[in-house]
Amino acid sequence: MGDSQTWTAAPSAAEHARSVLAASWSCAVTAEGGREEFVGAHTVAEDGRVTLDVPEDSTLVAAAICAPRGEPSAVLEFADVAPVPLRSRIRARLWIAGWFVPVDGRLEFTTTRVVLRRPSGAVVVDLDEFAAAAPDPLATAEARLLTHLADCHPDAVERLTRLVDADSLHGAVRVQPLAVDRHGLTLRIERARAHGDVRLPFHAPADDVARLTERMHVLLAQASAASCPRALQRQRTDRDG
């Protein structure tokens, strides 16, 4: 797809789920033995299969050995947390149900159900689509990219608000970058007692950081050519006064 065409796609539920899985460093496991939190203990295969490396004395090992083979007996939970400090940082939650099989001192997970909960609601992800989907190419770099944008380029974030409908900025007290993927950038607009999110789509997909840089420059150029929203003009005047 050429850069001259309009690109408004968003990640599918399967792609979003695989991105959450790829970027997560920790997971919670609920089984008959209780609930345990693991940090840096899971690995993910190309088809989305999860393997856990847990201590031998973990109650999860005993639960896996004693559980009926082939019956769902555990749920893995992964949280998609915004890397930039803001209100309501949990962007999505991913639950994967199934059972563990002990293999060579590790626990391999067989998936029977995948559920992704986003602000728009929960969706059951098709298992074949989940296995075939690839994580967003920016998923593992997103935290670094967003924190750099928020910490080092707040002026650019404010300029991008010129691309947002003025009604969406009414009462805004702060705007921060919430998420970025190959399809676009999402801004979190915080008000005194509420917040909302606005997505700015790229004109073409950004499949690596170099392309992302170019896509951001295009958005900033479009923003520079737009007028400053009156809501932010009033906000700046009130703040300066």
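Bear in mind the structure is a predicted one, so any value in this text is a computation, not a measurement.

For the protein chain, the helix and strand inventory stands at seven helices and 11 strands. Looking at the protein chain as a whole, 44% of its 241 residues are labelled buried. Across the protein chain, every contact between residues at least 6 apart in sequence was considered, and the portion connecting residues at least 24 apart equals 55%. In the structure as shown, the protein chain presents an accessible area of about 12,700 Å², 51% of it carried by carbon and sulfur atoms.

This paragraph deals with the pairing of strand S11 (residues 195-201). Here seven bridges tie strand S10 (residues 184-191) to S11, and the two strands are oriented antiparallel to one another. Paired with Leu-187 across the two strands is Val-198, which belongs to S11. Following S10, the chain reverses through three residues before pairing antiparallel with S11.

For Ser-24, the location among the structural elements is in the loop between helix H1 (13-23) and strand S1 (26-31). From its side chain, Ser-24 meets the backbone oxygen of Val-20 in a polar contact 2.6 Å long. If near-sequence neighbours (up to four positions away) are discounted, Ser-24 is found in contact with His-42, Phe-78 and Ala-79.

Counting 31 residues, the largest nonpolar core has Leu-52, Leu-94, Ile-96 and Phe-100 as the members making the most contacts within it. The residues contacting Leu-52, other than those within four sequence positions of it, are Cys-27, Val-29, Phe-38, Ala-41, His-42, Leu-60, Phe-100, Arg-106 and Leu-107. The next biggest cluster of nonpolar side chains, apart from the first, holds 26 residues, and it includes Leu-149, Leu-160, Val-175 and Val-180.

Residues of helix H2 (residues 59-66) that are buried: Leu-60, Val-61, Ala-63 and Ala-64. For H2, the angular spread of the buried residues around the axis is 165°, confining them to a single face. Away from its buried face by more than 90 degrees, H2 exposes Ile-65 and Cys-66. Of the surrounding elements, those touching the buried residues of H2 are S1, strand S2 (34-39), strand S4 (50-52), strand S6 (90-103) and strand S7 (106-118).

Here we take up the pattern of salt bridges. Overall, the coordinates contain 12 salt bridges when judged by the stated rule. A salt bridge links Arg-49 to Asp-47; its shortest N-O distance comes to 2.9 Å. Residues Arg-91 and Asp-80 are paired through a salt bridge, measuring 2.6 Å at the closest nitrogen-oxygen approach. Note that Arg-91 is positioned in strand S6 and Asp-80 in strand S5 (residues 74-81), a separation of 11 residues in sequence. Overall, the relative accessible area of 12% leaves Asp-80 in the buried class. One connected set of salt bridges, linked through shared partners, spans Arg-35, Glu-37, Glu-77 and Arg-93.

Turning our attention to the environment of Thr-161. Mapped onto the elements, Thr-161 comes out in the loop between helix H5 (154-160) and strand S9 (172-181). Using a relative accessible area of 1% as the deciding quantity, one classes Thr-161 as buried. When the C-alpha atoms of Thr-161 and Gln-176 are compared, they prove to be 10.0 Å apart, with 15 residues separating the residues in sequence.

Another aspect to go through is the confidence of the model for the protein chain. Mean pLDDT over the protein chain: 88, with 88% of residues reaching 70 or higher. The model gives residues 1-7 a pLDDT under 50, and that stretch makes 16 contacts with residues more than four places away or in other chains. Here residues 233-241 is a poorly scored stretch, pLDDT under 50, and it has six contacts once near neighbours within four places are set aside; other chains count.

A few words now on helix H4 (residues 142-152). Among all positions in H4, only Glu-142, Leu-145, Leu-146, Leu-149 and Ala-150 are buried. The buried residues of H4 occupy an angular sector of 120° when projected down its axis, which confines them to one face. When the buried face of H4 is taken as reference, the exposed residues oriented beyond 90 degrees from it are Arg-144 and Asp-151. The secondary structure elements touched by the buried residues of H4 are S6, H5, S9, S10 and helix H6 (209-225).

How each quantity is defined
Residues numbered from 1 in each chain as written. Predicted model: local features only at pLDDT ≥ 70, side-chain atom pairs only at ≥ 80, totals over all residues. Heavy atoms only, no water. Helix = DSSP H or I, 4+ residues; strand = E, 2+ residues; numbered from the N terminus. Buried < 20%, exposed > 50% of the residue type's maximum accessible area, 1.4 Å probe, protein only. Contact = heavy atoms within 4.5 Å. Areas by Shrake-Rupley, 256 points an atom, 1.4 Å probe, with all protein chains shown as cover. Pairing = 2+ DSSP bridges. Polar contact = N/O pair within 3.5 Å; in protein donor to acceptor, adjacent residues only side chain to side chain. Core = buried A, V, L, I, M, F, W, Y, C linked by side-chain atoms within 4.5 Å. Arc of directions from axis to C-beta. Salt bridge = Lys/Arg side-chain N within 4 Å of Asp/Glu carboxyl O. pLDDT = per-residue confidence, 0-100.

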